[in-house]
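# Residue-level structural notes
Each chain, letter by letter, is given below.
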Amino acid sequence: FTDFEFLILDDGSTDGSLAIIQAAAANDLRIRPIVRDNQGLIASLNQLVREARAPLIARMDADDICLPDRFARQIAFLEANPEYGVVGSFIDDIDENDNPWPCHARPYVTSHEEMLARMAFEEPLLCHPSVMYRRDKVLDVGGYHAAFRHCEDLDLWLRLTAVTKLGNLPETLFRYRHYAEQVTRRHITARYIGATVARIAWMERNAGRADPTATLDELPAVDDLDRLFGREGVARAVRYEVTQGVLYSRDGLRDNGFDLVLGHIAEGGANTHEARARLWRTVARLVRFGEFKRAMRLAGMLVRSPRAWH
């Protein structure tokens, strides 16, 4: 499929990207560069959605690889299934040298019904750069929301379930690149927090209540979430959910995720044998990571916390 416009947004690059884009645009009239000062990913995504002239938009990032038949396969699916507004695909995970990247996440599901069953859990739904979606559906729900930095895609998928169906093609059409300094790794705790709040907001909407995150430019601190949602227990639920992911993340245990783990323990998060055993294993993990002071703090808190139920 070759009848497309190719929007490339240069978000204030300081390397040779602009020269490469301009040279490519001079040789291919389908390429339409957008050049401006740095404003960040969410502003870039929303600008690209607004400026796109086609009814279908295929997303991708600069470091990933789109396989040659991706557009044709996704367009054919959306034309044959008008009730679907978003379609992704299976992917190959690669490193910075195009070698296979070991990935232990559960496989993507294909149907909308399977996705709905996963919505409330920390399980993969769609690989954001692999998706093709209907422009009008994304605009109908207000595009990407600024409050959900580092998980803006999950928040969008959850809001889109109110107006359309989402799915994946059961074939590999995209190669997704991983590397050590990836944004999602550097902001792992913020992503866990945002994803948990996005799911809570989704459940609020499904229950017929107002979504207090809809107009926010950024999420408040975890301690302020009860006040934001107008009820007790939200902050506690977020600390619990974030802890389940942070305990196994080197980056999360080194950033403010560690403080959320301590807060979770203070709220009674170590009062079962299973929970205590998992947290003691985290102490050992911190030692392996070279985080000796944090290992001692966690161990001291476990010693002082109430014993497990018998």
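In what follows, the structure referred to is the one given above.
Residues numbered from 1 in each chain as written. Predicted model: local features only at pLDDT ≥ 70, side-chain atom pairs only at ≥ 80, totals over all residues. Heavy atoms only, no water.

## A closer look at the overall build of the protein chain
- Along the protein chain, the regular secondary structure elements total 14 helices and seven strands.
- For the protein chain, whose C-alpha radius of gyration is 21 Å, the value lies close to the compact-globule estimate of 19 Å for 310 residues.
- Out of the 310 residues belonging to the protein chain, those deemed buried represent 46%.
- Looking at the protein chain alone, contacts between residues at least 24 apart form 71% of all its contacts between residues at least 6 apart.
- Across the protein chain, the 40 positively charged side chains and the 45 negatively charged ones have centroids separated by 6 Å. (Helix = DSSP H or I, 4+ residues; strand = E, 2+ residues; numbered from the N terminus. Rg over C-alpha atoms; globule rule 2.2 N^0.38 Å. Buried < 20%, exposed > 50% of the residue type's maximum accessible area, 1.4 Å probe, protein only. Contact = heavy atoms within 4.5 Å. Lys, Arg positive; Asp, Glu negative; His and termini not counted. Charge placed at Lys NZ, Arg CZ, Asp CG, Glu CD.)

## Some points on the layout of surface pockets
- By volume, the second largest pocket is sized at about 370 Å³.
- Ala147, Ala190, Ile193, Leu219 and Pro220 are, among the 18 residues lining the second largest pocket, the residues nearest its centre.
- Among the elements that take part in the lining of the second largest pocket, helix 8 (residues 188-206) stands out by supplying three residues, more than any other.
- In terms of residue class, the lining of the second largest pocket is built from eleven nonpolar, three polar and four charged. (1 Å grid on protein atoms, 1.4 Å probe; cavity = no way out; pocket = protein on both sides within 12 Å on 5 of 7 lines; lining within 4 Å. Points joined across faces, edges and corners; volume = space filled by probe spheres on them. Nonpolar A, V, L, I, M, F, W, Y, C, P; charged D, E, K, R; others polar.)

## Quick word on empty space enclosed by the protein
- Across all of its chains, the model carries one cavity of 30 Å³ or more by this definition.
- In this structure, the largest cavity occupies an estimated 30 Å³ of space.
- Around the largest cavity sit Thr243, Gln244, Leu247, His264, Gly269, Ala275, Arg278 and Leu279, which together line it.
- In terms of residues, the lining of the largest cavity owes the most to one element, helix 13 (residues 273-288), which gives three residues.
- By residue class, the composition of the lining of the largest cavity is three nonpolar, four polar and one charged.

## Comments concerning the state of the cysteines
- One pass over the full model with this rule turns up zero disulfides.
- Considering cysteine sulfurs only, cysteine 127 is the nearest to cysteine 103, which forms no disulfide, with 9.7 Å between them.
- By relative accessible area, cysteine 127 is classed as buried at 4%. (Disulfide = S-S within 2.5 Å.)

## Topic: the sheet that holds strand 6 (residues 132-134)
- The strand order across the open sheet built from five strands is 3-6-5-7-4, with neighbouring strands paired in mixed fashion. Unpaired on one side and paired on the other, strand 3 (56-58) and strand 4 (65-66) mark the two borders of the sheet.
- When strand 3 meets strand 6, the two strands line up antiparallel, connected through three bridges. Each bridged residue has a counterpart across the sheet, and for alanine 58 the counterpart in strand 6 is methionine 132. (Pairing = 2+ DSSP bridges.)

## Description of the packing of helix 12 (residues 257-269) against helix 14 (residues 292-304)
- Orientation of helix 12 relative to helix 14, taken along the N-to-C sense of each, is 5 degrees, at an axis distance of 10 Å. Here helix 14 runs roughly parallel to helix 12, going by the angle between their axes. Residues Phe258, Asp259, Val261, Leu262, Ile265 and Ala266 of helix 12 form the contact with helix 14, whose participating residues are Arg294, Arg297, Leu298, Met301 and Leu302.
- The residue makeup of the contact of helix 12 with helix 14, split by class, is eight nonpolar, no polar and three charged. (Axes fitted to C-alpha atoms, helices over the stretch in contact; angles between N-to-C directions. Parallel < 35°, antiparallel > 145°, perpendicular 65-115°, else oblique.)

## Description of the side chain of arginine 118
- Relative to the helices and strands, arginine 118 resides in helix 4 (residues 112-118).
- Of note is the side chain of arginine 118, whose polar atom sits 3.3 Å from the side chain of glutamate 123.
- For arginine 118, the residues in contact, after removing those within four places along its chain, are Arg106, Pro107, Tyr108, Val109, Glu123, Pro124 and Leu125. (Polar contact = N/O pair within 3.5 Å; in protein donor to acceptor, adjacent residues only side chain to side chain.)

## A word on the nonpolar core
- If you look at the biggest cluster of nonpolar residues, it comprises 59 residues, and the most contacted ones within it are Tyr133, Trp157, Val238 and Leu298.
- Secondary-structure elements contributing two or more residues to this core are helix 2 (41-51), helix 6 (152-160), helix 8, helix 9 (225-229), helix 10 (234-246), helix 12, helix 13 and helix 14.
- With eight residues, the top contributor of residues to this core is helix 8.
- Apart from residues lying up to four places away in sequence, tyrosine 133 is in contact with Val49, Pro55, Leu56, Ile57, Arg59, Gly85, Val86, Val138, Tyr144 and Trp157.
- The next biggest cluster of nonpolar side chains, apart from the first, holds nine residues, and it includes Phe77, Leu78, Leu169 and Leu173. (Core = buried A, V, L, I, M, F, W, Y, C linked by side-chain atoms within 4.5 Å.)

## A short note on the pairing of strand 2 (residues 31-36)
- Relative to strand 2, strand 1 (residues 6-11) is paired through six bridges, and the arrangement is parallel. Each bridged residue has a counterpart across the sheet, and for leucine 9 the counterpart in strand 2 is isoleucine 34.
- Note on the crossover from strand 1 through helix 1 (residues 17-27) to strand 2: the handedness is right-handed. (Right-handed = clockwise from strand over helix to strand, strands pointing away.)

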